[in-house]
Amino acid sequence: MSVIDLGGTVETWLRAPVRPARVHVVNLEEHPPQSPDWIRAEYGDACDLPKDLLDCGDYDLVYSNSVLEHVGGHAQRNRFADAVHALAPRHWVQTPYRYFPIEPHWLFPGFQILPVNARAQLARYWPLAHSRAGSTEEGLRSVLSTELISRSEMKFYFPDSRVISEHMAGLVKSLIAVKTS
């Protein structure tokens, strides 16, 4: 199987319990200079992929884990979903659920429903944040670059997919859009 991972890392695939024949990782973060020959890693924006990549037809599966909430608003999420649909006949796209009581990036109850300024301040001082902001401006940038998704939005972006719920403590924690053919 040939997999394209939008927003993933080489390290994730090196630790994975399964190994596809080929993996192509596209991310806005730097990749290690050396990768095994079965992994191709490149710098790129999943919402603005080159046409030759979108049209190549080389992939069996698009995989994306916890990226959709970071691409930036409805228009960008639409572009991301369009890329997923163009790249392969199958996909597995996971994102945290907007209405889970604990926001997963800051591990703070109800963080996602607080006013933006309150979230920016918490991003600076909350000790359990994934990465704490050094300034209010950095906190705002971090908060505004994370937008959790609802079930209705997930179904809108992936209308031909089955939307599966991942649960924690009996509550929906994340959503996965799955298309198997």
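Use the structure listed above.
Criteria and cut-off values
- Residues numbered from 1 in each chain as written.
- Predicted model: local features only at pLDDT ≥ 70, side-chain atom pairs only at ≥ 80, totals over all residues.
- Heavy atoms only, no water.
- Helix = DSSP H or I, 4+ residues; strand = E, 2+ residues; numbered from the N terminus.
- Rg over C-alpha atoms; globule rule 2.2 N^0.38 Å.
- Buried < 20%, exposed > 50% of the residue type's maximum accessible area, 1.4 Å probe, protein only.
- Contact = heavy atoms within 4.5 Å.
- Areas by Shrake-Rupley, 256 points an atom, 1.4 Å probe, with all protein chains shown as cover.
- Lys, Arg positive; Asp, Glu negative; His and termini not counted.
- Charge placed at Lys NZ, Arg CZ, Asp CG, Glu CD.
- Pairing = 2+ DSSP bridges.
- Axes fitted to C-alpha atoms, helices over the stretch in contact; angles between N-to-C directions.
- Polar contact = N/O pair within 3.5 Å; in protein donor to acceptor, adjacent residues only side chain to side chain.
- Disulfide = S-S within 2.5 Å.
- Salt bridge = Lys/Arg side-chain N within 4 Å of Asp/Glu carboxyl O.

A. Main features of the overall build of the chain. Helix and strand counts for the chain come out as 6 helices and 9 strands. Its C-alpha radius of gyration of 17 Å places the chain within 12% of the 16 Å reference for a compact globule of 181 residues. When its C-alpha atoms are laid out on the principal axes, the chain stretches across 45 × 35 × 30 Å. In the chain, which comprises 181 residues, the share counted as buried stands at 43%. Long-range pairs, those at least 24 residues apart, make up 54% of the contacts in the chain between residues at least 6 apart in sequence. Just so you have it, the chain exposes about 9800 Å², and 55% of that area is on carbon and sulfur atoms. When the 18 basic and 21 acidic side-chain charges of the chain are each reduced to a single mean position, those positions are 6 Å apart.

B. The sheet that holds strand β9 (residues 171–179), seen in detail. In spatial order, the strands read β3-β2-β1-β4-β5-β9-β8; together these 7 strands make up an open sheet with mixed pairing. The outermost strands of the open sheet, each flanked by one partner alone, are β3 (39–43) and β8 (162–168). Neighbour-to-neighbour, the strand axes of the sheet open up by a mean angle of 20°, direction not taken into account.

C. Seen up close, the environment of Gln 112. Tracing the chain through its elements places Gln 112 in the loop between β7 (108–109) and α4 (116–125). The contacts of Gln 112, once residues within four sequence positions are left out, are Arg 98, Tyr 99, Phe 100, Pro 101, Glu 103, Arg 119 and Leu 148. A polar contact is formed between the side chain of Gln 112 and the backbone oxygen of Arg 98, at a distance of 2.8 Å. Looking at Gln 112, its side chain comes within polar contact range of the main-chain oxygen of Phe 100, at 2.8 Å.

D. Representation of the state of the cysteines in the model. One pass over the structure, following the stated rule, counts 0 disulfides. The cysteine Cys 47 is free of any disulfide, with Cys 56 supplying the nearest cysteine sulfur at 18 Å.

E. Here's a closer look at the pattern of salt bridges. All told, the structure shown has 8 salt bridges when counted by the stated rule. Here Asp 55 ties to Lys 51 by a salt bridge, and the two come within 2.7 Å at their closest N and O atoms. Put simply, Arg 77, Arg 98, Glu 147 and Glu 153 are held in one network by salt bridges that share partners.

F. View of the environment of Ala 129. Looking at the element boundaries, Ala 129 is found in the loop between α4 and α5 (136–144). Residue classification places Ala 129 among the buried positions, given a relative accessible area of 11%. The spatial distance from the C-alpha of Ala 129 to the C-alpha of His 105 is 6.2 Å, given a sequence separation of 24 residues. If we ignore the near neighbours within four places in the chain, the residues touching Ala 129 are His 105 and Trp 106.

G. Inspection of the side chain of Ser 64 at higher detail. Along the chain, Ser 64 turns up in strand β4 (residues 61–65). Taking relative accessible area as the criterion, Ser 64 reaches 0% and is therefore assigned buried. A distance of 3.0 Å separates a polar atom in the side chain of Ser 64 from the backbone oxygen of Leu 6. What Ser 64 contacts, discounting residues up to four positions off in sequence, is Asp 5, Leu 6, Phe 80, Trp 92, Val 93 and Gln 94.

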